[in-house]
Amino acid sequence: MNKVLISSVGVLAALLFIGIASVQTAIAADMEGIKSNNHDWAGSYPHQYGTWKKTSESDEITDLLKEKPQLAILWAGYGFSKDYNAPRGHFYALQSNQNTLRTGAPVDAQTGPMPTACWTCKSPDVPRMIQQDGELEFFTGKWAKYGHEIANSIGCADCHDSKTTELTVGRPSLQRGLESAGLDMQKVSETEMRSLVCAQCHVEYYFKKTDWKDAAGNAQVANVVTLPWANGMTVEGMESYYDTIEFKDWTHKISKTPMLKAQHPGYEIFLSGIHAQNGVNCADCHMPTIKVEGETITDHQIKGTLDQMMSTCLNCHDESPEQFKQILTRKLERKEQLMEITMNNLAKAHLEAGEAWRLGATEPEMAEILSDIRHGQWRWDYSIASHGSFYHAPEETLRILGIANDAAQSARIKLAKVLAKHGGIGYVAPDFSTKEKAQTLAEVPLQALVDEKLVFKKGLLKEWEQDAIKRGILDPETRKGMSDNTAYKK
Ligand code: HEC
Ligand code: HEC
Ligand code: HEC
Ligand code: HEC
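Remember, predicted model here, so these are calculated numbers, not experimental data.

## A word on the side chain of Lys261
Mapped onto the fold, Lys261 is located in the loop between strand 4 (258-259) and helix 12 (266-271). Separated by 3.0 Å, the side chains of Lys261 and Asp381 make a polar contact.

In structure tokens:
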């Protein structure tokens with residue numbers, strides 16, 4: 001370890017949370033004239049634009065339902081059991097959202113399963129539309145309402161003020177979230193902004209139902225993206241927040257549990273790790289400083305794997321690349337092992353609960369069991385849903401997984417008794433070892449979903465793109481060379 005470097009980042013860490021008055025930044029920036037068209041920035045900042053565009057190199061689809069079939073059981077009755085892939089580059093964020101079976105196949109602005117909120121972390125057109133229409137109008141209605149407006153994938157205006165290019169947070173959800181956690185938004189340091197721009201999206205959130213009246217006096221209901229941080233940013237704090245308001249994302253199709261879906265609490269879990277505590281921020285690892293044609297810039301090709309980031313790690317760590325990789329690989333294997341055990345126990349708990357209901361178990365008999373499943377799955381999901389969590393906070397990830405597994409086991413012990421009482425002694429949960437088997441158990445009508453999606457892609461989706469180009473919201477140049485991979489296309 002480089003001792004000088006560590007002590008200097010230590011000082012930064014100390015300053016970070018006190019806040020430094022002299023480096024107040026444009027957190028509540030003037031979002032007037034948001035330049036959401038990414039190509040508009042290319043002329044002034046060719047190297048940042050060029051490296052940003054390279055996030056398009058990460059375009060491969062990894063079908064996680066295939067790799068971890070348990071997932072389709074864990075999410076039965078919820079969109080994620082239909083289609084769920086590993087994250088790709090920011091260049092593809094919008095396309096991933098349009099292509100996923102989860103967003104369905106709307107035929108006009110009023111149809112489709114998802115609310116407008118599902119655009120929130122995909123595009124710089126989102127802060128633009130929030131500014132134009134107001135936040136409550138933006139969060140009212142179906143996803144398809146803004147299909148023709150949300151045209152650029154995550155880009156410059158998501159992280160930069162369009163006038164000053166200072167780092168900025170244009171999403172009100174994060175500003176409110178931080179305030180609810182007791183942070184003073186007027187005193188955020190420049191260093192902290194190198195994580196907060198990411199925390200606009202890489203955080204836990206839910207859609208808060210909010211009643212309001214539009215200009216014509218009509219009653220409306222908005223689904224407002226809200227960060228559940230009022231009781232703290234830990235897994236326990238957010239769980240108590242959700243439990244207190246008796247929130248559920250959905251009712252599990254097999255076990256009937258009122259479930260929570262962790263989104264991607266990447267920022268929160270990162271804060272609990274050794275790097276955050278030493279003042280290291282997201283951009284330090286994911287956006288290192290590089291030289292392009294003699295100019296020193298921030299690398300905007302945000303990368304997603306350890307291999308891609310190895311040289312950055314070795315700026316601060318002393319081991320040889322081989323040694324370092326070996327240590328990390330072994331650490332990762334330990335987490336994978338515990339994660340697999342936890343997922344299997346949770347999936348079996350759902351199926352065993354389903355059987356108990358079928359045999360006539362009563363609500364009082366099931367109440368504690370469902371509470372165990374709810375909390376166990378929330379913890380498992382929280383610990384891994386942000387993907388890089390293991391690198392961001394290894395101990396916290398393992399701790400939460402351990403508790404998640406304990407809750408799943410506790411549910412299963414209670415289930416064994418309930419099953420026995422109702423004549424289900426020796427019940428063995430059915431095989432869910434492939435995506436097909438698991439989706440069948442979860443009753444996912446895959447072929448029908450794919451068929452209607454393909455119709456949507458050829459029709460309405462194309463119209464949205466043409467419309468956005470015609471109105472100058474999207475420059476077709478930005479999308480040149482874009483692949484169109486999905487998990488379902490044959
Ligand atoms: C506007 C929302 C948003 C912002 C801001 C944002 N991200 Fe992302 N990020 C996403 C989404 C959505 C994906 C998944 C894209 C996909 O799968 O198509 C993603 C994917 C990623 C990936 C995976 C890339 C790959 O190739 O596998 C990494 C790493 C990442 N983000 C890091 C960051 C960091 C670091 C920051 C801040 C400097 C940041 N993100 C800011 C929304 C955002
Ligand atoms: C996910 C967030 C994110 C996105 C998207 C993003 N930037 Fe940046 N940008 C950063 C961060 C972080 C820095 C480093 C700022 C610092 O520490 O002072 C930065 C720095 C810069 C700088 C200052 C010079 C440098 O290279 O350090 C410029 C200019 C810039 N970005 C332009 C752009 C342009 C143009 C785009 C779109 C093509 C873009 N950025 C997209 C986060 C982002
Ligand atoms: C800006 C400097 C910096 C960068 C870049 C950096 N680290 Fe670290 N890392 C630290 C500091 C500081 C510590 C804490 C050292 C300590 O207290 O012993 C640390 C600790 C660690 C630890 C031990 C933590 C634990 O809980 O076991 C691991 C593993 C680690 N880093 C991996 C990585 C990886 C992987 C990368 C690249 C993706 C990376 N680091 C990049 C500064 C950095
Ligand atoms: C110490 C270096 C380091 C810091 C700091 C760091 N990350 Fe990471 N991050 C990594 C590594 C290494 C991986 C790759 C894990 C892997 O290979 O699976 C990763 C993975 C990710 C991924 C998943 C990528 C994928 O394709 O699965 C996202 C998203 C992400 N990080 C976002 C963030 C955000 C947001 C922050 C700040 C809150 C952050 N990271 C801070 C090292 C870091």
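## With respect to helix 21 (residues 446-458)
The first and last C-alpha atoms of helix 21 sit 19 Å apart over 13 residues, in line with the 18 Å expected at 1.5 Å per residue. Residues of helix 21 that are buried: Leu449, Val450, Lys453, Phe456 and Lys457. Viewed along the axis of helix 21, the buried residues span an arc of 120°, placing them on a single side of the element. Away from the buried face of helix 21 by more than 90 degrees, exposed residues Gln447, Val455 and Lys458 are located.

## Re the site of ligand 3
What surrounds ligand 3 is a group of 18 residues, the closest being His275, Cys313, Cys316, His317 and Lys331. The contact in question runs from a nitrogen atom of ligand 3 to an N or O atom on the side chain of His317, over 2.7 Å. The separation between an oxygen atom of ligand 3 and a polar side-chain atom of Glu395 is 3.4 Å. Listing elements by their share of the shell around ligand 3, those giving two or more residues are helix 1 (3-18), helix 13 (274-277), helix 15 (306-313), helix 16 (321-358) and helix 19 (394-421). Along the lines of polarity and charge, the residues of the shell around ligand 3 split into 12 nonpolar, four polar and two charged.

## With respect to the site of ligand 4
Surrounding ligand 4, one finds 19 residues, the nearest of these being Cys282, Cys285, His286, Tyr391 and His392. Note that a nitrogen atom of ligand 4 is positioned 2.8 Å from one of the side-chain N or O atoms of His286. Interatomic distance of 2.7 Å between a side-chain N/O atom of His392 and a nitrogen atom of ligand 4. Of all elements in the fold, only helix 12, helix 14 (282-286), helix 15 and helix 18 (389-392) reach the threshold of two or more residues within the shell around ligand 4. No other element matches the three residues that helix 14 contributes to the shell around ligand 4. Considering only residue class, the shell around ligand 4 consists of 10 nonpolar, nine polar and no charged.

## Digging into the pairing of strand 2 (residues 219-226)
Consecutive side chains along a regular strand alternate between the two faces of the sheet. As paired strands, strand 1 (residues 206-213) and strand 2 are joined by eight bridges and run antiparallel to one another. Paired with Tyr206 across the two strands is Thr226, which belongs to strand 2. Counted along the chain from strand 1 to the antiparallel partner strand 2, the turn is five residues long, and its residue Gly217 has a positive phi close to 85°.

## A closer look at the coordination of the iron atom of ligand 1
Around a metal, the perfect tetrahedron of four donors has angles of 109.5 degrees, and the perfect octahedron of six donors has angles of 90 or 180 degrees. Only His90 (NE2) and His202 (NE2) from the protein reach the iron atom of ligand 1 as donors, at distances of 2.0 to 2.1 Å. For the iron atom of ligand 1, the six donor atoms in the first shell make angles of 87 to 179° at the metal, so the coordination geometry reads as octahedral. Within this pair, whereas His90 is found in the loop between helix 4 (70-74) and helix 5 (93-99), its partner His202 is found in the loop between helix 10 (190-199) and strand 1, the two being separated by 112 residues in sequence.

## Quick notes on the confidence of the model for the protein chain
The pLDDT averaged across the protein chain works out to 92; a share of 93% of its residues lies at or above 70. Between residues 1-31, whose pLDDT stays under 50, and residues either more than four places distant or in other chains, the model counts 52 contacts.

## As for the pairing of strand 5 (residues 289-292)
Relative to strand 6 (residues 295-298), strand 5 is paired through four bridges, and the arrangement is antiparallel. Of the residues in strand 6, the one forming a bridge with Lys291 is Thr296. Linking strand 5 to strand 6, which pair antiparallel, is a turn of two residues; within it Glu293 sits at a positive phi near 45°.

## Digging into the packing of aromatic side chains
Enumeration over the complete set of coordinates arrives at 27 aromatic pairs. On the basis of an interplanar angle of 20° and a centroid distance of 5.9 Å, the ring pair of Tyr205 and Phe207 is categorised as stacked. When its relative accessible area of 15% is taken as the criterion, Tyr205 is described as buried. Phe207 gets classed as partly exposed once you look at its relative accessible area, which sits at 22%. Pairing Tyr242 with Trp378 gives two aromatic rings, centres 5.6 Å apart and planes at 90°, and the pair type is edge-to-face.

## Here we look at the environment of Tyr488
Tracing the backbone shows Tyr488 in the segment after helix 22 (460-470). For Tyr488, a relative accessible area of 6% puts it in the buried group. Along the chain, Tyr488 and Leu101 lie 387 residues apart, while their C-alpha atoms are 8.8 Å from each other. If we skip the residues at most four places from it in the chain, Tyr488 touches Asp83, Asn99, Leu101, Val450, Lys453, Leu454 and Lys457. There is a polar contact of 2.6 Å between the side chain of Tyr488 and the backbone oxygen of Asn99.

## Some thoughts on the pattern of salt bridges
For the structure shown, the criterion picks out 30 salt bridges. With a closest N to O distance of 3.2 Å, Asp125 and Arg128 form a salt bridge. With Asp125 and Arg128 both in helix 6 (residues 125-133), this residue pair falls three residues apart, about one helical turn. Side by side, Asp125 and Arg128 carry an identical accessibility label, which is buried. Note that Lys437 and Asp431 form a salt bridge whose closest N and O atoms lie 2.8 Å from each other. Under the relative-accessibility criterion, Lys437 is labelled partly exposed at 37%. Overall, Asp431 belongs to the partly exposed group, its relative accessible area being 41%.

## A few points about unusual backbone geometry
In this structure, Thr165 takes a positive phi of about 60° despite not being glycine. Relative to the helices and strands, Thr165 resides in the loop between helix 8 (156-159) and helix 9 (172-180).

The rules we used
- Numbers given to residues run from 1 along each chain, matching the order in which its sequence is written.
- For this description, chains carry letters from A and ligands carry numbers from 1, given in the order in which they are written.
- In view of the model being predicted, local features appear only for residues whose pLDDT reaches at least 70, and side-chain atom pairs are presented and counted only at 80 or more, with totals across whole chains, interfaces and linings using the full set of residues.
- Derived side-chain values reflect all non-hydrogen atoms in the structure, with water molecules and hydrogen atoms excluded from consideration.
- Counting from the N terminus, the helices are the DSSP runs of H or I reaching at least four residues and the strands are the DSSP runs of E reaching at least two.
- Two N or O atoms count as a polar contact when they lie within 3.5 Å, although within protein this holds only if one can serve as hydrogen donor and the other as acceptor, and sequence-adjacent residues are included solely when both atoms are side-chain atoms.
- What a helix is expected to span follows from its residue count: subtract one and scale by 1.5 Å.
- Remark: exposure states derive from per-residue accessible area (1.4 Å probe, protein chains only) relative to the maximum for the residue type, with buried under 20%, exposed over 50%, and partly exposed in between.
- This arc describes the spread of directions from the helix axis toward the C-beta atoms.
- Residues are classed as near a molecule or strand on a simple rule: at least one heavy atom within 4 Å of it.
- Side-chain classes are defined by residue name, with Ala, Val, Leu, Ile, Met, Phe, Trp, Tyr, Cys and Pro counting as nonpolar, Asp, Glu, Lys and Arg as charged, and the others, Gly among them, as polar.
- Strand pairing requires that DSSP identify at least two bridges connecting the strands.
- Because water is not among the atoms used, a metal site may look incomplete, as its donors are only the N, O and S atoms within 2.8 Å, or 3.2 Å for Na, K and Ca.
- Under the classification used here, a metal with four donors is tetrahedral if each angle lies between 85 and 135 degrees, square planar if opposite donors are over 155 degrees apart and the others between 65 and 115, a six-donor metal meeting that same test is octahedral, and anything else is irregular.
- Confidence scores labelled pLDDT are given residue by residue by the predictor and lie between 0 and 100.
- In this analysis, two residues are considered to be in contact whenever any of their non-hydrogen atoms come within 4.5 Å of each other.
- The rule is short: rings of Phe, Tyr and Trp, with Trp giving its six-membered ring, pair when the centres are within 6.5 Å, and they are stacked under 30 degrees, edge-to-face over 60, tilted in between.
- The term salt bridge refers to a pairing of a side-chain nitrogen on Lys or Arg with a carboxyl oxygen on Asp or Glu at a separation within 4 Å.

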